[in-house]
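An overview of the molecular structure
This is what each chain is made of:
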Amino acid sequence: MSSPDPQVRAARNLTDPSPESTSEKKRPRSPRNRGPVVAVTGAATGVGELLTARLAASDEIKQVIAIDERRGEVSEATWHILDVRDPAIAEKLRGADVVVHLALDLDLETDPAARTAYNVRGTQTVLTAAAAAGVHRVVLCTSAMVYGALPDNDVPLSEDAELRATAEATGVGDLLEIERLGRRAPRAHPGLNVTVVRPTVLVGGTDTALTRYFESPRLLVVAGSRPTWQFCHVDDLVTALEYAALEKIDGEFAVGCDGWLEQEEVEELSGVRRMELPSAVALGAAARLHRIGLTPSPAGDLAYTMHPWVVSVSRLHDVGWRPQWTNEEVLGALLEEVEGRHTVAGRRLGRKDATAVSATAAGATVALLGTAALVRRARKARRRI
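Rules and cut-offs
Residues numbered from 1 in each chain as written. Predicted model: local features only at pLDDT ≥ 70, side-chain atom pairs only at ≥ 80, totals over all residues. Heavy atoms only, no water. Helix = DSSP H or I, 4+ residues; strand = E, 2+ residues; numbered from the N terminus. Contact = heavy atoms within 4.5 Å. Axes fitted to C-alpha atoms, helices over the stretch in contact; angles between N-to-C directions. Parallel < 35°, antiparallel > 145°, perpendicular 65-115°, else oblique. Left-handed = near helix turned anticlockwise from the far one by under 90°. Nonpolar A, V, L, I, M, F, W, Y, C, P; charged D, E, K, R; others polar. Phe/Tyr/Trp six-rings, centres within 6.5 Å; stacked < 30°, edge-to-face > 60°. Buried < 20%, exposed > 50% of the residue type's maximum accessible area, 1.4 Å probe, protein only. Pairing = 2+ DSSP bridges. Expected span 1.5 Å × (residues − 1). Core = buried A, V, L, I, M, F, W, Y, C linked by side-chain atoms within 4.5 Å.

**Observations regarding the environment of glycine 42**
Tracing the sequence through the fold places glycine 42 in the loop between strand 1 (37-41) and helix 2 (46-56). In sequence terms glycine 42 and aspartate 83 are 41 residues apart; their C-alpha atoms lie 9.3 Å from each other. Filtering out sequence-adjacent residues up to four positions away, glycine 42 remains in contact with Gly48, Glu49, Ile67, Asp68, Leu102 and Ala103.

**Description of the packing of helix 2 against helix 7 (residues 234-245)**
Helix 7 packs onto helix 2 with a crossing angle of 55 degrees between their chain directions and a minimal axis gap of 10 Å. By the criterion of interaxial angle, the relationship of helix 2 to helix 7 is oblique. The two elements helix 2 and helix 7 cross, and the hand of that crossing is right-handed. Mapping the contact onto sequence places Val47, Leu50, Leu51, Arg54 and Leu55 in helix 2 and Val234, Leu237, Val238, Thr239, Leu241 and Glu242 in helix 7. By residue class, the composition of the contact of helix 2 with helix 7 is 8 nonpolar, 1 polar and 2 charged.

**A few points about the packing of aromatic side chains**
Enumeration according to the criterion identifies 6 aromatic pairs in this entry. With a centroid separation of 5.1 Å and an interplanar angle of 80 degrees, the aromatic rings of tyrosine 213 and phenylalanine 214 are classed as edge-to-face. For tyrosine 213, a relative accessible area of 7% corresponds to the buried category. Site record: aromatic cluster; members linked through ring pairs are Tyr213, Phe214, Trp229 and Phe231.

**Here's the deal with the pairing of strand 13 (residues 274-277)**
Burial of strand 13 is one-sided: the residues Met275 and Leu277 facing one way are buried, the residues Arg274 and Glu276 facing the other way are not. The pairing of strand 8 (residues 219-222) with strand 13 spans 4 bridges and is classified as parallel. Its bridge partner being in strand 13, leucine 219 is matched across the sheet by arginine 274.

**Details of helix 5 (residues 172-188)**
Taking 1.5 Å of rise per residue, the 17 residues of helix 5 would be expected to cover 24 Å, and the 24 Å separating its terminal C-alpha atoms lies within 8% of that figure. Structurally, helix 5 contributes buried residues whose contacts are with helix 4 (112-133), strand 5 (137-141) and strand 6 (193-199).

**Description of the sheet that holds strand 2 (residues 63-68)**
With respect to topology, 7 strands assemble into an open sheet ordered 3-2-1-4-5-6-11, the strand pairing being parallel. Whereas interior strands pair on both sides, the edge strands pair on one side only; in this sheet they are strand 3 (78-81) and strand 11 (252-255). When strand polarity is set aside, the average angle formed by the axes of neighbouring strands in this sheet is 20 degrees. For strand 6 and strand 11, the ladder comprises 4 bridges, and the chain directions are parallel. Bridged to proline 199 within strand 11 is valine 255. Most of the contacts of helix 7 go to strand 11, to which it runs at about 155 degrees, and overall it touches strand 1, strand 4 (98-101), strand 5, strand 6 and strand 11.

**As for the nonpolar core**
One recurring pattern in soluble globular proteins is that nonpolar side chains are buried together. Core analysis: the largest hydrophobic core is formed by 71 residues, its most contacted members being Leu93, Phe214, Trp229, Phe231 and Tyr304. Top element by residues in this core is helix 4. It accounts for 7 residues. When residues no more than four places from it in sequence are discounted, the contact partners of tyrosine 304 are Met145, Gly148, Ala149, Ala165, Ala169, Val172, Leu210 and Trp309. If you look at the next biggest cluster of nonpolar residues, it comprises 36 residues, including Ala56, Val100, Cys141 and Leu246.

The analysis is restricted to geometry; functional conclusions fall outside its scope.
Structure representation (structure tokens):
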């Protein structure tokens, strides 16, 4: 399945100017003397880069301040090169009306302690600096994962549902702490408003435990579970963040495709068959593999492939936003993106290993059920050091 051309999608949002009457003077385009000044952290890469480019091209934005540890490619923005944990960021934010904080590290391979130190300290510094600089709104981007993946979740969840996630999945503890900081900030800094954007399974140049799920030779399904899938393409996340930057929406809201896909639909659309394992086997193997350092994903990541955590996106709908991508289209784009990659239990395999695992229909099962042998081998290696 091919994904829609981004240029075609952009064209959907463009309208041809109506021809001017011959009796009217042709006026030059007015300068950007109205609209907010928006600062974007993490502006040189990923979603931050896409948002910076979009805002810089918008007539509704007066100026874009771009902040990152290196200069990005958007020349129309005003760049400041520094770490978001540096208190000097307060001076760089002076004159900004809104800050969109996207400088987060959710890399699977990053040391968890270092990742948490960066994410939490960075957010804390940005919130404090924004208040000191006179910024009146900060937009934080977390994830719908904060709702938690639980067997008794409503389908879909309300956006104001209780956040029941735990810190057992990759980065989710950081996201929960970021949300706590966001809730406390207006009390500590009267006049500062905080908006929280929670995308569903994010696709488009991303590498997460959930996108790696689709790199496996078989789609792992835990017996007795009920997986449901709701995707969010980065294009749609960027337009939702633009709405927040322009203050068309505030508070806490989710962003993603309308509706969801059941596991059976995902398997039919992807053409990838399932591998079903008992819960104790799948969770036990994942925990042991992670504990000895063979895979980057803790067992907690499996919950998000087992239980529903889809969420309504009604708040964005209420202000006129609509996703440009469907779940089926995003799944197609994801499958194209991961083609040629091979992952088992969250661990990327080289070509030789991938060939061995894929050699038989039971290869993926063998990879998980062989955990005990891997554990013994790792322990022996440690003893020799």
